[in-house]
Amino acid sequence: MNERPNGLTYADAGVDIDAGAALVEAIKPLAKATRRPGADASLGGFGALFDLKAAGYADPLLVTTTDGVGTKLRVAIESGWHDTVGIDLVAMCVNDLLAQGAEPLLFLDYYATGKLELDVAKRVVAGIAQGCTLAGCALVGGETAEMPGMYEAGDYDLAGFSLGAVERGAVLPRPERQAAGDLIIGLASSGPHSNGYSLIRRIVERSGLAWDAEAPFAPGQTLAEALMAPTRIYVKSTLPLIKAGLVEGIAHITGGGLIENPPRAIAEGLEPRFDWDAWPLPAVFGWLQDVGGVSDHELRRTFNCGVGLIAIVKPDKAAEALAMLLDAGETAFVCGQLVNA
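Residues numbered from 1 in each chain as written. Predicted model: local features only at pLDDT ≥ 70, side-chain atom pairs only at ≥ 80, totals over all residues. Heavy atoms only, no water.

(A) Looking closely at the overall build of the protein. Secondary structure assignment for the protein yields eleven helices and eleven strands. Taken along its principal axes, the extent of the C-alpha atoms in the protein is 80 × 55 × 35 Å. Within the span of the protein, comprising 341 residues, buried residues form 50% of the whole. Considering only residue pairs separated by 6 or more positions, the protein has 83% of its internal contacts joining residues 24 or more positions apart. Per element, the accessible surface of the protein, about 15,700 Å² overall, is 52% carbon and sulfur. One finds the centroid of the 26 positive side-chain charges in the protein at a distance of 4 Å from the centroid of its 42 negative side-chain charges. (Helix = DSSP H or I, 4+ residues; strand = E, 2+ residues; numbered from the N terminus. Buried < 20%, exposed > 50% of the residue type's maximum accessible area, 1.4 Å probe, protein only. Contact = heavy atoms within 4.5 Å. Areas by Shrake-Rupley, 256 points an atom, 1.4 Å probe, with all protein chains shown as cover. Lys, Arg positive; Asp, Glu negative; His and termini not counted. Charge placed at Lys NZ, Arg CZ, Asp CG, Glu CD.)

As C-alpha cells, this is what we get:
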C-alpha cells in the first residue's frame, strides 16, 4: 500500500480504535462470568447464539425488551458515579420481561460516547455484568460507538436489549383469570430506580445542594450516592412465583408511576385500588415532594413511591406468594386490590 504524506487517520478524527479494542479485551472476563445454560457469553463475533433446548424450554415464546437509563445518566456524569448505571440498564429491561412471565436469557448493550474513556466505560460495563448476574442472564455482546461531534466531552449514553422466553401457556398477564377482589402485592423499590430524573434534577437544583453534599434523606450518604441507588432486579425472587402459577399479572413500575403502569397488567373492566397507607413512603420521595412542592397525584404518576413491582394474586394464594418473596429477601406487602371499574 502507498504511504500518503500528511494523511489523516481515524484517531485524528477523534476515534481511537485501539481504545475500543482494549475495552473489548477488558470486559471479556466480565461477560464470561455471566455464562448460563444456553449461552456461553463469549464476545468478539458478529452475533450471539442461544440454545433454548439447553435452557430447558419445550414450547417457548420469545419476548424482547429494550430500554435505557434516561437522564439519571446526567447525575452519573456530573457526579462521577458510574458504577451502578449498568445495573439500572439491565434492570429496566429484565423487569419488563417479568411482566410477560418471561425468564431473561441474554442481554446486549449499546454504549455511545464522544470520546471513549476506558476507565469510565469499564466501570459502566462492570455494572452491566453485575446486573446480568443478578438477573441470571448472559451478557453476550454489545456495541461501543465513539462518535466525536455527537456528544459533549465526558458525555455518554446507554441502551440495552434483553431476550427472554416463556412457555406458551404461561404468558402474563392472565386477564381471563382476574376478578374483583384479587390482591395486589407490592415489592419494595430501592429508590426512584431510573425514572423521573428530569424532575429530580430540577428539584436538586432548587435545593441548592451539590452532588457531594450529604443527602438530607439519607444520613451518611452523599446526594449523588443516594440518588444513584440502582434499580432493584426482581427476577430471582419473582420467577419462582410465576412458575408456580401464583401470579395473574405483573407490572413493572417505571415512567408513569403507580398511576399509569398497573392498568397495563389488569383486565378490562377492572382497576387497581391502592391502600396508600399500606407502606411507608420512603424518605427520598418525601424530600422530593417537600422541596419540589410536588402534589400527591404528580408524585404517584412520576415515581414508584417505594413500590418497584406489583404482582396480582388470588386471595387464597397471597400468603404463599408473600412467604416466598420474603424468603427470597424481598420487602413485600399487600398494597391494594382489584375492583370493578
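There is more to say after this.
(B) Up close: the sheet that holds strand β2 (residues 103-113). In spatial order, the strands read β1-β4-β2-β3; together these four strands make up an open sheet with mixed pairing. Each edge of the sheet is formed by a strand with only one pairing partner; in this case those strands are β1 (60-68) and β3 (138-146). Between one strand and the next, the sheet's axes are offset by a mean angle of 15°, whatever the strand orientation. With nine bridges connecting them, β1 and strand β4 (residues 156-167) associate as antiparallel partners. If you follow Thr66 over to β4, its bridge partner there is Phe161. (Pairing = 2+ DSSP bridges. Axes fitted to C-alpha atoms, helices over the stretch in contact; angles between N-to-C directions.)

(C) Region of interest: the side chain of Gln178. Looking at where Gln178 falls in the secondary structure, it is placed in the loop between β4 and β5 (183-188). By relative accessible area, Gln178 is classed as buried at 8%.

(D) Highlighting the pattern of salt bridges. One pass over the full model with this rule turns up eleven salt bridges. Between Glu103 and Arg36 there is a salt bridge, and its shortest N-O distance comes to 3.0 Å. Of this pair, Glu103 sits in strand β2 while Arg36 is found in the loop between α1 (17-32) and β1, placing the two residues 67 residues apart along the sequence. Residue Glu103 is classed as buried on the basis of its relative accessible area, which comes to 13%. One network of salt bridges, in which partners are shared, links Arg74, Glu78 and Asp155. (Salt bridge = Lys/Arg side-chain N within 4 Å of Asp/Glu carboxyl O.)

Coordinates in, geometry out; function isn't part of it.
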